[in-house]
Amino acid sequence: MWQSRLHKLLMNWNPIEISAETQFSEISTAQAIQERYAHKDLEALYKMALLLNQMAHQQRTMAKWLAKEAASNLTRQTELSS
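The rules we used
- Residues numbered from 1 in each chain as written.
- Predicted model: local features only at pLDDT ≥ 70, side-chain atom pairs only at ≥ 80, totals over all residues.
- Heavy atoms only, no water.
- Helix = DSSP H or I, 4+ residues; strand = E, 2+ residues; numbered from the N terminus.
- Buried < 20%, exposed > 50% of the residue type's maximum accessible area, 1.4 Å probe, protein only.
- Areas by Shrake-Rupley, 256 points an atom, 1.4 Å probe, with all protein chains shown as cover.
- Patch = residues over 30% accessible without salt bridge, like charges linked within 9 Å, V, L, I, M, F, W, Y side chains within 5 Å.
- Salt bridge = Lys/Arg side-chain N within 4 Å of Asp/Glu carboxyl O.
- Contact = heavy atoms within 4.5 Å.
- pLDDT = per-residue confidence, 0-100.

A. Up close: the overall build of the protein. Check the secondary structure of the protein and you find 3 helices and 0 strands. Each helix (α) and strand (β) of the protein, taken in turn from the N terminus, gives the series α-α-α. A buried classification covers 6% of the 82 residues belonging to the protein. Just so you have it, the protein exposes about 7800 Å², and 61% of that area is on carbon and sulfur atoms.

Quick look at the structure:
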């Protein structure tokens, strides 16, 4: 029974949308990388790689935390409505 309720809740999720700001940031970052590569600026490329790596791991941590919080809230909500 709880599985059908969970399925109904999951079916109501909004689709992931990529904002114009995010698209602009992606294009801007790609252009910065290409410029540094074209100028053979290995030091700048190295620093960018370290920064992007750090940002990717922070993003992963935030996504896991948000999923855990959402699951916890969903569980509490389901228990309260039972």
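B. Summary view of a nonpolar patch on the surface. A cluster of nonpolar residues, Ile-33, Leu-51, Leu-52 and Met-55, forms a patch on the protein surface that exposes about 320 Å² of accessible area. By residue number, the principal contributor to the nonpolar patch is helix α3 (residues 42–81), which donates 3 residues.

C. Representation of the pattern of salt bridges within the structure. Overall, the coordinates contain 1 salt bridge when judged by the stated rule. The salt bridge partner of Glu-43 is Lys-47, with a shortest N-O separation of 4.0 Å. In this pair, Glu-43 and Lys-47 are both assigned in helix α3, 4 residues apart and thus about one turn of the helix distant.

D. Highlighting the environment of Met-48. Here Met-48 is to be found in helix α3. Residue classification places Met-48 among the buried residues on the basis of a relative accessible area of 18%. Along the sequence, Met-48 and Thr-29 sit 19 residues apart, while their C-alpha atoms lie 9.3 Å from each other. Ignoring sequence-local partners within four residues, the contact set of Met-48 consists of Thr-29, Ala-32, Ile-33 and Arg-36.

E. Looking closely at unusual backbone geometry. One non-glycine residue with positive phi stands out, namely Lys-40, at about 55 degrees. As for its position among the elements, Lys-40 is in the loop between α2 (20–38) and α3.

F. Expanded view of the confidence of the model for the protein. With 84% of its residues at a pLDDT of at least 70, the protein reaches an overall mean of 88. Across the protein, element-level confidence peaks in α2 with a mean pLDDT of 96 and bottoms out in helix α1 (residues 2–11) with 65.

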